[in-house]
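Report on the structure
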Amino acid sequence: MRFRTILFLAVLATVAGCGDKAKQEAPAAQQPPAATAAANDHAADLTACRTAVGRLGQTLRGALQESIAANGAIGALEVCNVEALPLTKTISTEEGVIIGRTSLQVRNPANAPDDWERARLTEFATRKAAGEGADALETWEVVDDAAGHRTFRYLKAIVTAPMCLQCHGPELATDVAAAVKKLYPDDAATGFAVGDLRGAFTVSKPLS
Ligand code: HEC
């Protein structure tokens with residue numbers, strides 16, 4: 001298992017919200033048949049992953065918005081660099097999962113996708129091109145990790161919103177571009193337009 005600098009934490013915890021309610025709430029729309037079958041056996045795992053993603057997405061967006069309003073994009077770089085870690089840690093602990101972000105075009109090389117993530121991200125691009133709503137793209141599968149442990153893996157698309165363009169768009173402000181270049185010399189996460197697939201939340205949940 002890799003360590004993702006900002007948004008990736010291994011945590012063992014009791015899973016909140018995985019009771020009967022969780023089972024009822026796990027729809028299987030837009031999934032291929034194999035994934036649907038897996039979901040029927042893992043409704044609670046799916047719900048835990050969705051909950052963690054929802055909370056992390058909201059938390060990060062909120063922190064970014066606040067910081068941009070107070071200090072501009074340049075100040076908000078700090079949120080991505082420093083603040084995201086404790087925020088993510090709390091959510092991971094409370095939901096009992098390992099959560100991170102990844103993309104086919106990463107800013108931080110530590111977020112680079114592994115083979116499973118890369119294949120699923122490529123499928124997301126195909127599904128979006130075929131007309132599926134980008135915001136709803138998700139997929140999951142039970143896989144064995146490198147050590148042979150059964151793991152529930154979940155991926156949910158992240159779509160580029162207007163506020164993201166300040167740091168991921170085709171043209172960054174000069175000071176932002178310079179700061180990004182300094183922190184991330186191999187940055188490949190610019191040039192996105194509103195509505196583009198920016199990447200995905202990636203969640204792993206150890207099964208036993
Ligand atoms: C203030 C600048 C800033 C804004 C605004 C911003 N990001 Fe980022 N983003 C970053 C930085 C810096 C990183 C690298 C974080 C790290 O080191 O893990 C990053 C990383 C990411 C990653 C992880 C993959 C990678 O490239 O390393 C995703 C996905 C992402 N951003 C999506 C978004 C989305 C979607 C938005 C808008 C809702 C957004 N970002 C807004 C600066 C920003």
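All values reported here derive from a predicted model rather than from experimental measurement.

Quick notes on the rules
Residues numbered from 1 in each chain as written. Predicted model: local features only at pLDDT ≥ 70, side-chain atom pairs only at ≥ 80, totals over all residues. Heavy atoms only, no water. Helix = DSSP H or I, 4+ residues; strand = E, 2+ residues; numbered from the N terminus. Buried < 20%, exposed > 50% of the residue type's maximum accessible area, 1.4 Å probe, protein only. Contact = heavy atoms within 4.5 Å. Areas by Shrake-Rupley, 256 points an atom, 1.4 Å probe, with all protein chains shown as cover. Core = buried A, V, L, I, M, F, W, Y, C linked by side-chain atoms within 4.5 Å. Salt bridge = Lys/Arg side-chain N within 4 Å of Asp/Glu carboxyl O. Arc of directions from axis to C-beta. Pairing = 2+ DSSP bridges. Expected span 1.5 Å × (residues − 1).

1. Looking at the overall build of the chain
Each helix and strand counted, the chain has 6 helices and 4 strands in total. From first element to last, N terminus to C terminus, the chain shows the α and β order α-α-α-β-α-β-β-α-α-β. Here the chain, with 208 residues, has 42% of them falling under the buried criterion. Partitioning the contacts of the chain with sequence separation of at least 6, the portion at a separation of at least 24 is 73%. With an accessible surface of roughly 10500 Å², the chain has 56% of that area assigned to carbon and sulfur atoms.

2. Here's the deal with the nonpolar core
Core analysis: the biggest nonpolar cluster contains 17 residues, and V53, L56, V97, I99, F152, Y154 and V203 have the highest contact counts within it. Looking at this core, the elements with two or more residues in it are α3 (43-95), β3 (150-159) and β4 (197-206). In terms of residue count, the dominant contributor to this core is α3 (9 residues). In this view, F152 contacts H42, D45, L46, C49, W140, E141, V142, V203, S204, K205 and L207; residues no more than four positions away in its chain are not counted. In this structure, L121, L137, A157 and A200 belong to the second largest nonpolar core, which totals 8 residues.

3. Some words on the pattern of salt bridges
Summed over all chains, the structure comprises 10 salt bridges. Among the salt bridges present, the one from R153 reaches D114, with a minimum N-O distance of 3.0 Å. Taken together, the residues R153 in strand β3 and D114 in the loop between β1 (98-102) and α4 (115-129) connect sequence positions 39 residues apart. We classify R153 as buried; its relative accessible area is 10%.

4. Some remarks on the environment of Y154
Within the fold, Y154 resides in strand β3. By relative accessible area, which is 1% here, Y154 ends up buried. For Y154 and R50, which are 104 residues apart along the polypeptide, the C-alpha to C-alpha distance reads 8.4 Å. Ignoring anything within four residues of it in the chain, the contact list for Y154 reads L46, C49, R50, V53, W116, E138, T139, W140, F201, T202 and V203.

5. Considerations on helix α6 (residues 174-183)
Burial in α6 covers these residues: V176, A179 and V180. The buried residues of α6 occupy one face: seen down the axis, they fall within an arc of 100°. Counted as exposed and oriented over 90 degrees from the buried face of α6: T174, K181 and K182.

6. Let's talk about the pairing of β1
With 4 of its 5 residues buried, β1 lies for the most part within the structure. As defined by bridge partners, β1 adjoins β4 across 5 bridges and the pair is classed as antiparallel. Counted as the bridge partner of G100 is T202 from β4.

7. Concerning α4
The end-to-end C-alpha separation of α4 is 21 Å, in line with the 21 Å expected for 15 residues at 1.5 Å each. Among all positions of α4, only W116, E117, R120, L121, F124 and R127 are buried. An end-on view of α4 places all buried positions within 125° of arc, on one side of the element. Relative to its buried face, α4 has exposed residues pointing more than 90 degrees away, namely D115, T126 and A129. Residues of α4 that are buried sit in contact with β1, β2 (138-144), β3 and β4.

The values reported here are purely geometric and, on their own, carry no functional implication.
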